[in-house]
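Structure at a glance
So the chains spell out like this:
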Amino acid sequence: MKAYPFSYFPPVPDNYNRSLPIKQKRDHLNDALFSNDAAFDWLYPENFQLLSLKHWTPLAIACKAAEFLAEPGARVLDIGSGIGKFCLAAGHHFPETFFYGVEQRHELIYLAEQAKGYTKLSNVNFIYANITQINFKEFDHFYFYNSFYENIDPENQIDDTIELSESLYTYYNQYLCAALDEKPSGTRLVTFHSFEKEIPPGFKLADISCNGLMKMWIKT
Ligand SMILES: C[S@@+](CC[C@H](N)C(=O)[O-])C[C@H]1O[C@@H](n2cnc3c(N)ncnc32)[C@H](O)[C@@H]1O
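Residues numbered from 1 in each chain as written. Predicted model: local features only at pLDDT ≥ 70, side-chain atom pairs only at ≥ 80, totals over all residues. Heavy atoms only, no water.

For the rest of this paragraph, the subject is the overall build of the protein chain. Looking only at helices and strands, one finds eight helices and seven strands in the protein chain. Taking 17 Å as the expected radius of gyration for a compact globule of 220 residues, we find that the protein chain reaches 17 Å, a close match to that expectation. Projected onto its principal axes, the C-alpha coordinates of the protein chain cover approximately 55 × 40 × 30 Å. A total of 220 residues make up the protein chain; the buried ones form 50% of that total. Long-range contacts, defined here as pairs at least 24 residues apart, represent 68% of the contacts in the protein chain between residues at least 6 apart. (Helix = DSSP H or I, 4+ residues; strand = E, 2+ residues; numbered from the N terminus. Rg over C-alpha atoms; globule rule 2.2 N^0.38 Å. Buried < 20%, exposed > 50% of the residue type's maximum accessible area, 1.4 Å probe, protein only. Contact = heavy atoms within 4.5 Å.)

Moving on to the pattern of salt bridges. Pairing is possible between side chains of opposite charge, provided their charged atoms come close. Taken as a whole, this structure holds six salt bridges when the rule is applied. Taking the shortest distance from any N to any O, the salt bridge between lysine 85 and aspartate 41 comes out at 2.9 Å. Here lysine 85, found in helix H6 (residues 85-93), pairs with aspartate 41, found in helix H2 (residues 37-41); they are 44 residues apart in sequence, far enough to count as distant. Given the relative accessible area of 2%, lysine 85 is considered buried. Across the pair arginine 105 and glutamate 150 runs a salt bridge whose closest N-O atoms are separated by 3.0 Å. Remark: glutamate 150 occurs in the loop between strand E4 (141-144) and helix H8 (166-181) and arginine 105 occurs in the loop between strand E2 (98-103) and helix H7 (106-119); sequence separation between them is 45 residues. One connected set of salt bridges, linked through shared partners, spans Asp37, Asp41 and Lys85. (Salt bridge = Lys/Arg side-chain N within 4 Å of Asp/Glu carboxyl O.)

Before going further, it helps to spend a moment on the packing of aromatic side chains. Taken as a whole, this structure holds twelve aromatic pairs when the rule is applied. Positioned above the aromatic ring of phenylalanine 139 is the side chain of arginine 75, whose terminal nitrogen or guanidinium carbon lies 5.7 Å from the ring centre. In this structure, arginine 188 is placed above the aromatic ring of phenylalanine 68, and the distance from its NZ or CZ to the ring centre is 4.5 Å. (Phe/Tyr/Trp six-rings, centres within 6.5 Å; stacked < 30°, edge-to-face > 60°. Lys NZ or Arg CZ within 6 Å of the ring centre and 35° of its normal.)

In the vicinity of the ligand lie 22 residues, with Thr57, Asp78, Gly80, Glu103 and Arg105 positioned nearest. Here asparagine 130 contributes a side-chain N or O atom positioned 3.3 Å from a nitrogen atom of the ligand. One of the backbone nitrogen or oxygen atoms of isoleucine 131 is found 3.0 Å away from a nitrogen atom of the ligand. (Near = heavy atom within 4 Å. Polar contact = N/O pair within 3.5 Å; in protein donor to acceptor, adjacent residues only side chain to side chain.)

In terms of nonpolar packing, the biggest core is built from 39 residues, with Tyr44, Phe86, Leu88 and Tyr143 touching the most fellow members. Within the residue set of this core, elements represented by two or more residues are helix H5 (59-69), H6, H7, strand E3 (124-128), strand E5 (188-192) and strand E7 (214-219). When residues in this core are grouped by element, the largest group, seven residues, is from H5. Once you skip the residues sitting within four places of it in the chain, phenylalanine 86 turns out to touch Thr57, Ala62, Ala65, Ala66, Leu69, Val76, Asp78, Phe99 and Tyr143. Formed by 21 residues, the second largest nonpolar core is a distinct cluster that contains Tyr100, Phe142, Ile199 and Trp217. (Core = buried A, V, L, I, M, F, W, Y, C linked by side-chain atoms within 4.5 Å.)

Let us look at unusual backbone geometry. Of note, the phi angle at lysine 120 is positive, near 60 degrees, even though the residue is not glycine. Along the chain, the position of lysine 120 falls in the loop between H7 and E3. Phi at histidine 193 takes a positive value of approximately 60 degrees, unusual for a residue other than glycine. Mapped onto the fold, histidine 193 is located in the loop between E5 and strand E6 (203-209).

Attention now moves to the pairing of E5. Successive residues of a regular strand alternate their side chains across the two faces of the sheet. Among the five residues in E5, four count as buried, and that is most of the element. Pairing of E4 with E5 involves three bridges; the strand directions are parallel. Residue pairing for E5: phenylalanine 144 is matched across the bridge by threonine 191. Each parallel crossover has a hand, and for E4 linked through H8 to E5 it is right-handed. Relative to E7, E5 runs antiparallel, the two sharing five bridges. Its bridge partner being in E7, threonine 191 is matched across the sheet by lysine 215. (Pairing = 2+ DSSP bridges. Right-handed = clockwise from strand over helix to strand, strands pointing away.)

To continue, consider the sheet that holds E6. Pairing within the open sheet is mixed, and its seven strands lie in the order E3-E2-E1-E4-E5-E7-E6. Each of the sheet's edge strands pairs with one partner strand only, and the pair in question is E3 and E6. Strand-to-strand twist across the sheet, computed as the mean angle between neighbouring axes with direction ignored, equals 20 degrees. By the bridge criterion, five bridges tie strand E1 (residues 75-79) to E2 in an arrangement that is parallel. Within E2, the position partnered with aspartate 78 by the bridge is glycine 101. Each of E1, E2, E4, E5, E6 and E7 is contacted by H5, which is oriented at about 160 degrees to E5, the strand it contacts most. Each of E2 and E3 touches H7; the most contacted strand, E3, lies at about 165 degrees to it. (Axes fitted to C-alpha atoms, helices over the stretch in contact; angles between N-to-C directions.)

Listed below in structure tokens is the structure:
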């Protein structure tokens, strides 16, 4: 595993107020970091910044999705969390909600943990696992950015470690659909770019945004 030097992270801005208490300084730094996608993506190595447009949730979308999912004390799971962009943005804007990301690629978990370390967000956690290893009972609400599409998309691969397989794609969708089907009424789900194969009939559309790309669902 490649280790990224600490100097990789953004330098302290010139107008940084050194007299502020540490917590306030951190909040100011995070406000700047979460103010636009380029600033946030700069936390990561260049090749992962370049993947941002296609693979990581834009900050504005993450904030809107999190607004629907957040409630004090609730545990929200990002199903396929990548470099952690959704969880970190959501955790920054909604400090009383706990955001978890499950991710199958170790390198992405490593980068997500590094970024978490930089932001010092204590309400965000990452789990290195396949979604089939997750106990869905431990989570209240869910975010899903079409994570399984990579199994049938030869054009936009994150890397070459994942098998292209129609049957794996179908299996994951069915697995997630069954797991969501067992959740109690009131469970919330936000999908982004989804073909809706993973959504059980019990989930009803509550809102729609971003020209139909983002959908908010509640289990009845
Ligand atoms: C489109 S990216 C979204 C990343 C993140 N949710 C975001 O919005 O920025 C989908 C991620 O899901 C992960 N993924 C796909 N299938 C998975 C599985 N079966 N278990 C765990 N992670 C998976 C991929 O490795 C990829 O990082």
